[in-house]
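Fold and geometry: a report
Residues per chain, in single letters:
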Amino acid sequence: MRYSLSANYSLPLHPENEYQTQDNMVRQCFILFGCLALGELIVSITGIKLPASIIGMLILTLLLKLKVVKLEWVRGLTDFLIANLGFFFVPPGVALMLYFDLIKAEIVPIAMATLLSTIIVLLITGHTHQVVSKGENKVREKIHNKKQE
């Protein structure tokens, strides 16, 4: 079963999801764009040097975690956006072609920055994973010891 937005695009229907009607598509758009607008407002008021879309995603995540917004309320639209994610990379790719001469002239610094930042991200991610895993193991041991008492 699919809910068709137009001839070319369709949303997967979730049988357990009663929120897949056309009226609820408006609600899904309102929730997502409302979080984005709230992110824009926060950035404009506070001057935070973060993209408003990131702030909006954090707000949506917070609302989902606090169960203010139910996942079913946004599932249809988010599934559609994720399924068509590749299309969102076309404009930046085309824009890169406009600056190819600049990129070509600065390829060595760009490559070095990319390599160095990748290594740093991998090291920090690995270290963070180890710290979190150790903490989880300690919690599991405490729970296991309490069950045996």
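This text goes with the structure placed above it.
Read on for an overview of the structure. Please read all numbers here as calculations on a predicted model, not as lab measurements.

How each quantity is defined
- Numbering of residues begins from 1 in every chain and follows the order in which that chain's sequence is written.
- Local features are withheld for residues below a pLDDT of 70 in this predicted model, meaning they are given only at 70 or higher, and side-chain atom pairs are given and counted only at 80 or more; totals for whole chains, interfaces and linings count all residues.
- Excluded from the side-chain calculation are hydrogens and water; included are all heavy atoms of the structure.
- Residues enter a patch when their relative accessible area is above 30% and they make no salt bridge; the linking distance is 9 Å between like charges and 5 Å between nonpolar side chains (Val, Leu, Ile, Met, Phe, Trp, Tyr).
- Under the convention used here, a 1.4 Å probe and the Shrake-Rupley method define accessible areas, while residue burial counts only the protein chains that appear.
- Salt bridge criterion: a side-chain nitrogen from Lys or Arg within 4 Å of a carboxyl oxygen from Asp or Glu.
- In summary, the charge assignment counts Lys and Arg as positive and Asp and Glu as negative, without counting His or the chain termini.
- For charged residues, the charge sits on one atom: NZ in Lys, CZ in Arg, CG in Asp, CD in Glu.
- Every helix listed is a DSSP run of H or I at least four residues long, and every strand listed is a run of E at least two residues long, numbered separately from the N terminus.
- Per-residue accessibility, obtained with a 1.4 Å probe over protein chains only, is compared with the maximum for each type, and a residue is labelled buried under 20%, exposed over 50%, and partly exposed between these values.
- Working definition: a ring pair exists when centres of Phe, Tyr or Trp rings (six-membered ring for Trp) sit within 6.5 Å. Plane angles under 30 degrees give stacked, over 60 give edge-to-face, the rest tilted.
- A ring has a charge above it when a Lys NZ or an Arg CZ is no more than 6 Å from the ring centre and no more than 35 degrees off the ring normal.

On to a positive patch on the surface. Where like charges cluster on the molecular surface, the positive patch consists of Lys134, Lys138, Lys142 and Lys146. By the secondary structure assignment, lysine 142 is in helix H6 (residues 107-148). Take lysine 142: its relative accessible area is 58%, and that puts it in the exposed class.

What follows concerns the packing of aromatic side chains. Aromatic ring pairs: the centre-centre distance and the angle between the two ring planes describe each pair. All chains considered together, the criterion is met by zero aromatic pairs. Between the NZ or CZ atom of arginine 27 and the centre of the ring of tryptophan 73, over which it lies, the distance is 5.4 Å.

It is worth spelling out the environment of phenylalanine 30 at this point. Relative to the helices and strands, phenylalanine 30 is located in helix H1 (residues 22-46). Through-space distance from the C-alpha of phenylalanine 30 to that of valine 74 is 9.5 Å; in sequence the pair is 44 residues apart.

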